[in-house]
Amino acid sequence: MLGLLDRFGEIEGLEEGLYIWRRKKSVQFCDNTKIPGERYRPTLTDLEGDLPLRHFRTVFLVTVVLATLLWPGVEAEAQDNGITVGIFAGVGGSPDSDGYDGSGFQLLAAMDLSRNTLTGLRIGELTTEFELDNGIIEENDLSYLTLGTEYRRDADYYTSGLLIGLGYYRLEGPFTDEDSLGLTLGVTGDFRINSRFSVVVELSGHYADFDRAQIFLLGHAGLAFRF
């Protein structure tokens, strides 16, 4: 008899527990707290901080404004108008990184819109390391897309340039995932091999408002083809 009562108590406790569990599942918290066992459905407020499209819209608007401000009038008499594409290997880092021996690459697509003025896009990536407060070395990838104008001047055996532009930057690593708009400023040297090919050297500084670092110094060298 006592065994049956104990068994009945267990069943009654189980039913009571199921009842309480069902009621808990129906509870809605005003701060969107996730209930264990429930599928989490993020709200629009939760997603607002993780919408990459808003960054690309900002970059697009800034690009349009920059292109409008820097767009020079095309000179009909300029005979050297053309398109330049290039591929470069690079090194660099940040004052906050573990040295300047990071490696990367850069691609160039530019157009001569007026004499001694080269306007174009640069797409690149740099892998560098940061030492955290606990001594752990964290490897980060800096990727960027810049739009800039290069003001050129002919020297004795090469063409020098002053580069200024705006860019979109992204820093990714094991504990880092940030993106930011930024600025770039640099100098270039174009050493002509012939009318089509040249060796290009570029030193540039980049500013982006990341938590990990804000300033990056890069050096690139490679080949450019003109057509």
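Look up: the structure comes first, before these words.
Residues numbered from 1 in each chain as written. Predicted model: local features only at pLDDT ≥ 70, side-chain atom pairs only at ≥ 80, totals over all residues. Heavy atoms only, no water.

Asks: Can you walk me through the overall build of the chain in this structure?
Replies: What the chain contains, in helices and strands, is three helices and eight strands. Along the chain, helices (α) and strands (β) appear in the sequence α-α-α-β-β-β-β-β-β-β-β when read from the amino end. Taking the contacts inside the chain whose residues are at least 6 apart along the sequence as the reference set, 52% of them involve residues at least 24 apart. Of the roughly 14900 Å² that the chain leaves accessible, carbon and sulfur atoms contribute 60%. (Helix = DSSP H or I, 4+ residues; strand = E, 2+ residues; numbered from the N terminus. Contact = heavy atoms within 4.5 Å. Areas by Shrake-Rupley, 256 points an atom, 1.4 Å probe, with all protein chains shown as cover.)

Asks: Sorry, what's going on with the pairing of strand 4 (residues 137-154) here?
Replies: Two faces, one strand: in a regular strand the side chains alternate between the faces of the sheet. Relative to strand 4, strand 3 (residues 117-131) is paired through 15 bridges, and the arrangement is antiparallel. Bridge pairing in strand 4 places Glu125 opposite Ser143. Remark: five residues form the turn of the hairpin made by strand 3 and strand 4, two consecutive strands paired antiparallel; Gly135 in that turn has positive phi of roughly 90°. Where strand 4 meets strand 5 (residues 159-173), 14 bridges bridge the pair, whose relative direction is antiparallel. Counterpart to Gly148 in the pairing with strand 5 is Gly165. Where strand 4 folds back onto strand 5 in an antiparallel hairpin, the turn is made up of four residues. (Pairing = 2+ DSSP bridges.)

Asks: Whenever I open this one, the environment of Leu145 confuses me. Can you help?
Replies: By the element assignment, Leu145 lies in strand 4. In sequence terms Leu145 and Gly182 are 37 residues apart; their C-alpha atoms lie 9.9 Å from each other. In this structure Leu145 touches Leu121, Arg122, Ile123, Leu166, Gly167 and Tyr168, once residues within four positions along its chain are discounted.

Asks: What is the right way to read the pattern of salt bridges from this model?
Replies: Pairing between side chains of opposite charge can happen when the charged atoms of each approach one another. A full pass over the atoms with the stated rule returns ten salt bridges. We note a salt bridge from Arg212 to Glu138, for which the minimum N-O separation is 2.7 Å. Taken as a pair, Arg212 in the loop between strand 7 (197-208) and strand 8 (215-226) and Glu138 in strand 4 lie far apart in primary sequence, 74 residues in all. Residue Glu138 is classed as buried on the basis of its relative accessible area of 2%. Salt-bridge contacts for Glu172 lead to Arg170; the nearest nitrogen and oxygen are separated by 3.6 Å. (Salt bridge = Lys/Arg side-chain N within 4 Å of Asp/Glu carboxyl O. Buried < 20%, exposed > 50% of the residue type's maximum accessible area, 1.4 Å probe, protein only.)

Asks: I'm lost on empty space enclosed by the protein in this one. Help?
Replies: Overall, the coordinates contain two cavities of 30 Å³ or more when judged by the stated rule. Along the wall of the largest cavity there are 17 residues; nearest its centre are Thr84, Arg152, Asp190, Val200 and Ala224. Broken down by secondary-structure element, the contributors of at least two residues to the lining of the largest cavity are strand 3, strand 4, strand 6 (176-192), strand 7 and strand 8. Of the residues contributing to the lining of the largest cavity, the split by class is five nonpolar, four polar and eight charged. Along its surface, the second largest cavity is lined by Gly120, Arg122, Thr146, Leu147, Gly148, Leu163, Thr184 and His206. Going through the elements one at a time, strand 3 and strand 4 are the ones with two or more residues in the lining of the second largest cavity. It is strand 4 that contributes the most residues to the lining of the second largest cavity, three residues altogether. Residue composition of the lining of the second largest cavity, by class: two nonpolar, five polar and one charged. (1 Å grid on protein atoms, 1.4 Å probe; cavity = no way out; pocket = protein on both sides within 12 Å on 5 of 7 lines; lining within 4 Å. Points joined across faces, edges and corners; volume = space filled by probe spheres on them. Nonpolar A, V, L, I, M, F, W, Y, C, P; charged D, E, K, R; others polar.)

Asks: What is the right way to look at the packing of aromatic side chains in this model?
Replies: Two measures describe an aromatic ring pair: the distance that separates the ring centres and the angle between the ring planes. Evaluated as defined, the whole model comprises seven aromatic pairs. Pairing Tyr158 with Phe191 gives two aromatic rings, centres 5.2 Å apart and planes at 25°, and the pair type is stacked. Residue Tyr158 is located in the loop between strand 4 and strand 5, and its partner Phe191 is located in strand 6; the two are separated by 33 residues in the primary sequence. By relative accessible area, which is 27% here, Tyr158 ends up partly exposed. Counting every residue linked through ring pairs, the aromatic cluster contains Tyr157, Tyr158 and Phe191. (Phe/Tyr/Trp six-rings, centres within 6.5 Å; stacked < 30°, edge-to-face > 60°.)

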